[in-house]
Structures are given as C-alpha cells and as structure tokens.
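Structure at a glance
Chain residues, written in single-letter form:
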Amino acid sequence: MPVDETQFDAVVVGAGPAGSAAALELARAGRRVALLERGPFPGSKNVYGGVVYGRILDEVAEQWWSEVPVQRWITRRSTMMLTPTQSISVDFRSQDWSGPPHNGMTTYRADFDPWLAGKAVGAGAELITSTVATELLREDTGRIVGVRTDRPDGDLRAPVVIACDGVNSFLAKSAGLLPAADAEHHTLGVKETLALPRGVLEDRFGLGPDDGLDIEMVGCTGPIAGGGFLYTNKETVSIGLVLALSDLARSGRRPEELLAELKAHPSIAPMLRGSELKEYSAHLIPEGGYDHMPRLATDGLLLAGDAAGMCLAAGIWLEGVNFAIGSGLVAGRTAARALDRGDVTVAGLAQYRQRLADTFVLADHRRLRRAPGFVLSPRVQHEYPGLVCDFLQQLFTVDNPEPKPRLGALLRRTARRRGIKLTDLARDLLAGMRAFR
C-alpha cells in the first residue's frame, strides 16, 4: 500500500513470527493495524530454517497442519555428546508425532513467515513491505505515537507501537528499554543447508516420506561454549553451530572452520556424504534468558519476540519461534485491551508482563532461568562429553579374560583419568537438577 502520514490504532514493526502474531490479534479485535516489513515480503531476509513447535499455532488457525508450509514432521529427537573421535546419542522416536495435531516440524522462514503474515492480513491487518522504521515518533511529553519510515512521506502514527524488529532491537534501544548489546548474553548461530536427494535422505536417516529428525549436540565446539544441531528438510539437511560470542572472540577461530570440523566428525560425515552446499548463513541469538530480558513496555510501546530476548536456550529445549509467536499474540491482545480502555501509557500496558507470566512464554523462562548458565558452564561444555564417552567406551569394551568392571570403580577411574573430581560431578548433578527442576 502507499505510505503517507496515516493514523492507525497500532503499528507493528517486523513481520516475523512475533510481529505477524501481534498484528493478527489486533486485527481480530477490530483494530486498524499496520504491519511493517523491511523486506519485499515477510521472510525474504530470513535464511532460517528450523524446528517450529505446533501447540502455539493452535491459537492461529484451526487445523493449521493442513495448510502450513511444512518441510517434515519431527518424529525423531536425538541428543548427542561428542569428543573428536567419539559420540553417544540418546535417540527418541514416536510415530504419535507423525499425525495431527503434531509436535513439531521443520520449515523455511521464507515460506512460514508469509503464511503467518497472510493470516494477519486475512484478519484485516495492512502489510507494508520494503519499508524501514528509522525512528520513533514522540509527542512533546515524550510519549511514543508512531514511527518514521525511510519513505519521504512515510510517518505512521498510532497510539501504540509493538517492536518486533529482532535481536538487538533498534526501536527498543531508541526507547531506552534495551541496554547496549552484551556479548556475554548472545551467541552466534551459523548454519549450512546441504542438498540430498529425497530418497537418499530418508534412507540414510531412517525416515518415512514426511518424517523428520532433529539432533542437538554438545561437545562439538572445541574451546568455545555452545552446541550443534542437525535437522532434516524434504531434500536438504541443515547443520550448524551456536557459539558463545565472548569465547569465539577470544579463541581467534572462524565459525566456518568450526563448522567444517563438525561436518568432518566421524559420527557426522557419513550422514552428509554426497551432499551439496546450498546456503550458508549466520545470525545473532539472544540467550541471556529470564534474568537478562529488557523492560517490556513503556508509554506507547511493547516489545515481543527476539526484541524482548525471548529465546529459550536450555540445552534440552532450544526454541525461539514458538516463544516469538506466543509473545506476539499476548502483545496484540494487551494492546487491543489498552486501546479499548483508552490508556496506552506504561501503566495501561503493564498487564503485558503478567499476561506473559500466565503463559508458557515467561513461565518457562522463569523456571529455567538457571539452565543457560548450567548448559554453557565449562565442565558441561568441555569435560563431561569426554567423561561420558570414555566411560561408555570402557564399559562396552570386552576385555576377556578380565572380568567385567564394577560401574562405580569404572566411573572413578574414568573421572580420575579425565582430571574430574567426583565432588565437582556431584555438585554439577545437583545444579543440573535445580536448573531443570
């Protein structure tokens, strides 16, 4: 649509999962809402392809699984620990996940984002593409009353703005809600998408025609805290790393070098044999968790999705899109109710955080607030993968005529060889139980 100085009830900046969900709720409430997207279409600037979990989509569309642009339904979930020459996997498979209502799916953002934005547009939201929000519009009192765009006549005025402009949000910083970026609480995600013929991919990973696999890894990032992942799409495999920024800077290593080492690992290389590189991408991820989220509201402004640091990085769970959608839905509802009351001050928008706390979005972040620090701790990252792999290698090595080892003695011997104190192991087991209680 042409853009001029136009009055809306709300302006949502960013047509990713959080922004489209917020615009959808506002449109459903009968509000005139502008959904602003800097790319030529939603998802055009995103190279993400990953796992999206379905329960939050139940609030978007009935039987969403019959229309969503899915790559594969996740029916296998695996967690892997690696050393340079060893690996152990805990692999779970459930055909219950292969049919409706499904647990999770792989999808491409270039497909998924337009689908979700289309739901908002179908409900009445006005999508404005190829347009960048350059600053917040303010009254003399300082209250936010819209956004200025990069078009010559492109001021968009509204009593409330919802910032869904991603990690390191420009709008959140402009409003004084987001402090300067802290490398300690961010990671860099790097990924390659590799093509494999569909039949080869399904045979190699033991998958049915629409089934998918999601592998999460630890111990694959060398001296750098982080983790790895591999998941399957229809005719591609995506493999990547998530790397702590501070460690990466200190290491002097390049992320593509680390990714090449993972691809060459003896447990990974056979999965990728014969594949062809289609895409390489990198993006910043907010992983500070609950204790490092910014303030979520000020006069005339709400934050949602990555702009609010709502990415759950808890080792067992690595989720972002479902938290973005969940926070966007709540932000849209909160804004609609504040508009109904005629109060979009910070007091009028204060219920946003409480409403989030009543959903999985903040409930999970709050309960798992210790998990990111535990998962990224030095022993979990750099010592325990080797301990577990060495223990199992010795356990499964047949040393006849020597008798089978006693498990307690074997654990003590392995820990001693690895230089790990059993008191530290016990302390970390307790810390892990508390982190995931």
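Heads up: the structure comes first, above all this text.
Overview of the structure. (Residues numbered from 1 in each chain as written. Predicted model: local features only at pLDDT ≥ 70, side-chain atom pairs only at ≥ 80, totals over all residues. Heavy atoms only, no water.)

1. A closer look at the packing of helix α1 (residues 17-28) against helix α2 (residues 109-123)
To keep things clear, this is the line we draw: The axes used here are C-alpha line fits, helices contributing only the stretch in contact, and every angle between their N-to-C directions lies in the interval 0 to 180 degrees. Going along the chain from the N terminus, every DSSP run of H or I of four or more residues is numbered as a helix, and every run of E of two or more is numbered as a strand. When an angle is under 35 degrees it counts as roughly parallel; over 145 it counts as roughly antiparallel; between 65 and 115 it counts as roughly perpendicular; any other value is oblique. Throughout, a crossing is termed right-handed when the near helix is turned clockwise from the far one, and left-handed when it is turned anticlockwise from it by less than a right angle. Residue contacts are counted whenever heavy atoms from the two residues lie within 4.5 Å of one another. Residues are sorted three ways: Asp, Glu, Lys and Arg are charged, Ala, Val, Leu, Ile, Met, Phe, Trp, Tyr, Cys and Pro are nonpolar, and all the rest, Gly among them, are polar.
One way to put it is that α1 packs onto α2 with a least axis distance of 7 Å and a crossing angle of 15°. For the element pair α1 / α2, the angle class is roughly parallel. Crossing handedness for the pair α1 and α2: left-handed. Here Pro17, Ser20, Ala23, Leu24, Ala27 and Arg28 of α1 come into contact with α2, specifically with Arg109, Phe112, Asp113, Leu116, Ala117, Lys119, Ala120 and Ala123. Of the residues contributing to the contact of α1 with α2, the split by class is 9 nonpolar, 1 polar and 4 charged.

2. Here's the deal with the side chain of Asp428
Spelled out, the test is: Two N or O atoms form a polar contact when they lie within 3.5 Å of each other; inside protein one atom must be a possible hydrogen donor and the other a possible acceptor, and for residues adjacent in sequence the pair counts only when both atoms belong to side chains.
For Asp428, the position within the fold is in helix α14 (residues 422-435). Among the polar contacts made by the side chain of Asp428, one reaches the side chain of Tyr384 at a distance of 2.4 Å. Leave out the neighbours within four places in its chain, and Asp428 touches Phe374, Arg379 and Tyr384.

3. Considering unusual backbone geometry
Pro100 connects to Pro101 through a cis peptide bond whose omega is 5°. With respect to the helices and strands, the residue Pro101 is situated in the loop between β6 (87-93) and β7 (104-108). The omega angle of the peptide bond from Asn400 to Pro401 is 10°, so this bond is cis rather than trans. Checked against the element boundaries, Pro401 lands in the loop between α12 (378-396) and α13 (407-418). The backbone phi angle of Gln63 is positive, close to 50°, even though this residue is not glycine. The topology assignment puts Gln63 in the loop between β4 (49-53) and β5 (72-82). Despite not being glycine, Ser130 shows a phi value in the positive range, around 50°.

4. Re the pairing of β6
Keep this limit in mind: At least two bridges found by DSSP between two strands are what make those strands a pair.
Note: β5 against β6, 7 bridges, orientation antiparallel. Of the residues in β6, the one forming a bridge with Arg76 is Arg93. The hairpin turn running from β5 into β6, its antiparallel successor, is 4 residues long.

5. Remarks on empty space enclosed by the protein
Our working definition: With a 1 Å grid spanning the protein atoms alone, the term cavity applies to any set of points in which a 1.4 Å probe fits but cannot get out, the term pocket to an open set with protein on both sides within 12 Å along at least five of seven lines, and the term lining residue to any residue with an atom within 4 Å of a point. Grid points are joined across faces, edges and corners, and a volume is the space filled by probe spheres set on the points.
Applying the stated criterion across every chain yields a total of 1 cavity of 30 Å³ or more. The wall of the largest cavity is formed by Gly289, Tyr290, Cys311, Leu312, Ala313, His365, Leu368, Arg369 and Pro372. Taken together, the residues of the lining of the largest cavity sort by class into 6 nonpolar, 2 polar and 1 charged.

6. Brief notes about the sheet that holds strand β2 (residues 10-13)
The strands making up a sheet are joined through hydrogen bonds of the backbone, oriented either antiparallel or parallel. Read from one edge of the open sheet, 6 strands run β8-β3-β2-β12-β19-β18, paired in mixed fashion. Two strands close off the open sheet at either side, each with one partner strand: β8 (126-128) and β18 (297-298). Strand direction decides the pairing type here: strand β12 (residues 160-163) and strand β19 (residues 301-303), joined by 3 bridges, are parallel. Across the sheet, residue Ala163 finds its bridge partner in β19, namely Leu303.

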